[in-house]
Amino acid sequence: MFTRRETIALGAGAAAAATLPLGAFAATVDEATAAFTGGAAVAEGGVTITAPEIAENGNTVPVSISAPGATEITLLAAGNPQAEVATFRFGPGAGAALVATRIRLGRTQDIIAIAKMADGSFTSARVEVKVTIGGCGG
Amino acid sequence: MMQHLNAGRLVTMAAAGLALMGGVALADPDPTAELVIEGELHLTTRAPSNPAITPNLPTLYSGWLFRDPTTREMQMDDFENPGLLAVEAGAAAWATPEGTGGQSCADCHGDPESMEGLRAVLPRVNEHGQLWSMENYINNCRTERMGAEALGWNSREMREMTALISFQSRGMPVNVAIDGPAAPFWEQGREMYYTRFGQLEMSCATCHEESAGQYIRSDHLSQGQINGFPTYRLKDQAIVGIHGRFVGCIRDTRAETFRAGSDEFRALELYVASRGNGLSVEGVSVRH
Amino acid sequence: MTDVRPRIRLPRSASAGDSITVKTLISHDMESGQRRNSNGDIIPRQIVNRFTCEYAGVLVIDMELHGAISANPYIEFEAVVPASGDFVFTWYDDNGEVYTATESFTVS
């Protein structure tokens, strides 16, 4: 059974499909969450996202995520063309389930961190980051 | 219609919009933040205004003070500051032989540290009476002494080289000459600064003098200083040069802009640099 | 990609068994595949899609990156240093190139 995306790609022909990034169809939050959790329930809490309330510029937004006890964390951006931002897997050498990076946000949106805990359960947090247009629009 | 919406109304509307958002102070530059690099090097971000140059500004403020705390922090750490990547790339180019002479910058100039002080006094009038920016000096060396091709004014290589050279003056006060042979260029730059351009009929002064400290949409307007240039712009995720920024600003007023490297922009660069005399060269700063 | 430069920052010192903060930066445009050029054509995606760090042969972190990671990717994390050893950092580019950096670390 074709997904709607696959049907559109087939219908529009090779040219349309070729414009999609190699090897990755744009996933929605639900699709990315399901891929990460296998459909398991996702609780809330135990995950802290640190991000600015208002991003000074959407192209470089510093974000850090802390999820004590987590073995993996995935970061999603609900309003971006592709929801997936990054997935982190902590090995035995990790000092803490803590990571910081800089991300691109196309507009005001929620960012969501889902953590997989050592016992296989999932928990999450969600914050809104405002992304604004400044100046004369340039 | 946009044409009839003058700049004053734009700024006021933006301010009202911000007030509605709540929790955002319509602040002047941050009153207490201090720019200290790596916990050691203290940069001057507030300086007295010289009435002969900036009679309409009570105090000079670096653009650093107008940015939010996260952006400011990025500049205080030489690792977190992505502009340092460009400085390193410039350092690699500095040591790379190029051109028919098979020489590198290092062969004549030694270490990049020999460029200390240069950023602080440029642009300046050379021995032939021409007003030269840093890019002119770099290209002159390349074409006349190295037998190499000139770099595009806004090219990546040029921005990396100006980043390297500017970095050598970090912490030194901006000190461009505006008298003697520089005077006519300075006057030309001053006239440009106060000339309204484009469909939006905005001059540099409209935003950076009359409205510094206020908001244009969500941008916290600075004084438009260039002591921090070349800067790592979060928006571009790359180093942006002085003329590159001028082009962007004038284009945003919906005008046909002057070209990077043009006589006009070099005169404007001299004038704008002088408006920051006394502020520290920030090497490569971080701006939004 | 030309001139891809990794930078690493580690603390100056730590005791055996401490958890230390590791900061990494690499110069890379992270072309997301979302932008168009002046002709209206999509600029092809070329990003660093994976980053790993090992210490003394033990995996610290394995990160999958997508186009929403900003250019010049900055990645900061914590590593345990039970004894002196080498950090090995690896970045994997869409185009098949692999960039590595190694830093020794000595515990006191």
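Per chain, residues are indexed from 1 in the order of the written sequence. All chains are assigned letters beginning at A, and all ligands numbers beginning at 1, according to the order in which they are written. In view of the model being predicted, local features appear only for residues whose pLDDT reaches at least 70, and side-chain atom pairs are presented and counted only at 80 or more, with totals across whole chains, interfaces and linings using the full set of residues. The basis for the side-chain values is all heavy atoms of the structure; hydrogens and waters are excluded.

**Q** Just give me the short version of helix H11 (residues 263-274) of chain B, but keep the residues and values in it.
**A** Residue and element names in this part refer to chain B. Compared with the 16 Å implied by 1.5 Å per residue over twelve residues, the 17 Å span of H11 between its first and last C-alpha is a close match. In terms of burial, H11 is a largely internal element, ten of the twelve residues being buried. Exposure is judged per residue with a 1.4 Å probe applied to protein chains only, and the accessible area is read against the type maximum: over 50% gives exposed, under 20% gives buried, and values in between give partly exposed. By definition, any uninterrupted DSSP run of H or I lasting at least four residues is a helix, any uninterrupted run of E lasting at least two residues is a strand, and each is numbered from the N terminus. Considered for burial, the residues of H11 that qualify are Phe265, Arg266, Ala267, Leu268, Glu269, Leu270, Tyr271, Val272, Ala273 and Ser274. Contacts are assigned to residue pairs with any non-hydrogen atoms lying within 4.5 Å of each other. At its buried positions, H11 is contacted by helix H5 (118-121), strand E6 (131-132), helix H6 (134-146), helix H8 (183-193), helix H9 (204-208) and helix H10 (242-252). Expected span of a helix, by definition, is 1.5 Å for each gap between consecutive residues, and there is one gap fewer than residues.

**Q** I'd like a rundown of the sheet that holds strand E4 (residues 61-66) of chain A, residues and numbers included.
**A** Only strands that DSSP links by at least two bridges are regarded as paired with each other. The antiparallel open sheet is built from six strands, whose spatial order is E2(A)-E4(A)-E7(A)-E5(C)-E2(C)-E1(C). The two strands at the open ends of the sheet, each matched to only one other strand, are strand E2 (48-50) of chain A together with strand E1 (6-9) of chain C. Within the sheet, the average angular offset between the axes of one strand and its neighbour, ignoring direction, is 20°. Relative to strand E7 (residues 94-103) of chain A, E4(A) is paired through six bridges, and the arrangement is antiparallel. Bridge pairing in E7(A) places Val61(A) opposite Ile103(A). Helix axes are fitted only over the stretch in contact, all axes being lines through C-alpha atoms; the angle between N-to-C directions runs from 0 to 180 degrees.

**Q** How would you summarise the packing of helix H3 (residues 83-94) of chain B against helix H7 (residues 156-167) of chain B if you had to cite specific residues and measurements?
**A** Residue and element names in this part refer to chain B. Where H3 contacts H7, the two axes come as close as 7 Å, and the packing angle between them is 100°. It follows from the interaxial angle that H3 and H7 lie roughly perpendicular. Every residue of H7 that contacts H3 at Leu84, Ala86, Val87, Ala89, Gly90, Ala91, Ala93 and Trp94 is listed here: Glu160, Met161, Ala163, Leu164, Ile165 and Phe167. The residue inventory of the contact of H3 with H7, partitioned by class, reads twelve nonpolar, one polar and one charged. Here is the rule for angles: anything less than 35 degrees is roughly parallel, anything more than 145 is roughly antiparallel, 65 through 115 is roughly perpendicular, and the remaining ranges are oblique. Each residue gets one of three labels, nonpolar for Ala, Val, Leu, Ile, Met, Phe, Trp, Tyr, Cys and Pro, charged for Asp, Glu, Lys and Arg, and polar for the others, Gly among them.

**Q** Please give an account of the packing of aromatic side chains that cites residues and values.
**A** Each aromatic pair joins two rings of Phe, Tyr and Trp (for Trp, the six-membered one) with centres within 6.5 Å, and gets the label stacked for planes under 30 degrees apart, edge-to-face for over 60, and tilted for any other angle. Enumeration according to the criterion identifies 17 aromatic pairs over all chains in this entry. Taking 5.7 Å as the distance between ring centres and 10° as the angle between the ring planes, the aromatic pair formed by Phe87(C) and Phe89(C) counts as stacked. The residues Phe87(C) and Phe89(C) share a single accessibility class, namely buried. Their ring planes at 75° and their centres at 6.3 Å tell us that Phe87(C) and Phe105(C) sit as a pair that is edge-to-face. Placement of Phe87(C) in strand E6 (residues 85-93) and of Phe105(C) in strand E7 (residues 98-105) is noted, with a sequence separation of 18 residues between them. Residue classification places Phe87(C) among the buried positions, given a relative accessible area of 0%. Assessed through its relative accessible area of 4%, Phe105(C) is described here as buried. The ring of Tyr74(C) carries the charged tip of Arg102(A) above its face, separated from the ring centre by 4.3 Å. In this scheme, Lys NZ or Arg CZ marks a charge over a ring once it lies within 6 Å of the ring centre and within 35 degrees of the ring normal. For Arg72(B), the ring lying beneath its charged end belongs to Trp64(B), and the centroid distance is 5.5 Å.

**Q** Any details on the interface of chain C and chain B? Residues and values, ideally.
**A** At the interface, 15 residues of chain C touch 14 residues of chain B. Buried area counts how much accessible surface, traced with a 1.4 Å probe, disappears from two parts once they are put together, with both parts' losses summed. For the pair chain C and chain B, the two sides together bury roughly 1300 Å², of which 50% comes from carbon and sulfur. The largest contributions to the chain C side of the interface with chain B come from Arg5(C), Arg7(C) and Arg9(C), which together make up 48% of the buried area. Criterion for a salt bridge: a side-chain nitrogen of Lys or Arg within 4 Å of a carboxyl oxygen of Asp or Glu. Counting every contact that joins chain C to chain B gives six salt bridges. Where Glu88(B) meets Arg7(C), a salt bridge forms, and the shortest distance between an N and an O atom there is 2.5 Å. Under this definition, polar contacts are N or O atom pairs within 3.5 Å; protein pairs additionally need one hydrogen-donor-capable and one acceptor-capable atom, and for neighbouring residues in sequence, both atoms have to be side-chain atoms. Summed over the shared surface of chain C and chain B, the number is nine residue pairs in polar contact (both at pLDDT 80 or more). Sorting the residues of the side of chain C that touches chain B by element identifies E1, strand E2 (18-26) and strand E5 (74-81) of chain C as the ones contributing at least two each. Here the element with the most residues in the side of chain C that touches chain B is E2(C); it accounts for four residues. Here the residues of the side of chain C that touches chain B are counted per class, giving five nonpolar, four polar and six charged.

**Q** I'd like a rundown of the domain arrangement of chain B, residues and numbers included.
**A** All names here are of chain B. Segmentation of chain B into domains returns domain 1 (23-81 + 174-287) and domain 2 (84-167). Look at where the C-alpha atoms of domain 1 and domain 2 centre, and you get two points 23 Å apart. At the junction of domain 1 with domain 2, the criterion picks out one salt bridge. For Glu269, the salt bridge goes to Arg119, with nearest N and O atoms at 3.7 Å. The interface formed by domain 1 and domain 2 holds six residue pairs in polar contact (both at pLDDT 80 or more) in total. Listing elements by their share of the side of domain 1 that touches domain 2, those giving two or more residues are strand E10 (238-240), H10 and H11. Each domain's extent was defined by an automatic or database domain assignment.

**Q** Outline the interface of chain C and chain A, supporting the account with residue identities and numerical values.
**A** With 29 residues of chain C at the contact, the number on the chain A side is 28 residues. Overall, the association of chain C and chain A removes approximately 2400 Å² of surface from exposure, summing both partners, and the carbon and sulfur fraction of that is 51%. The tally of links from chain C across to chain A stands at one salt bridge. Two residues, Asp62(C) and Arg89(A), come together in a salt bridge whose shortest N-O distance is 3.0 Å. Here chain C is connected to chain A by 17 residue pairs in polar contact (both at pLDDT 80 or more). Of all the elements in the fold, those that place two or more residues in the side of chain C that touches chain A are E2, strand E4 (58-65) and E5 of chain C. Considering each element in turn, the side of chain C that touches chain A owes the most residues, eight residues, to E4(C).

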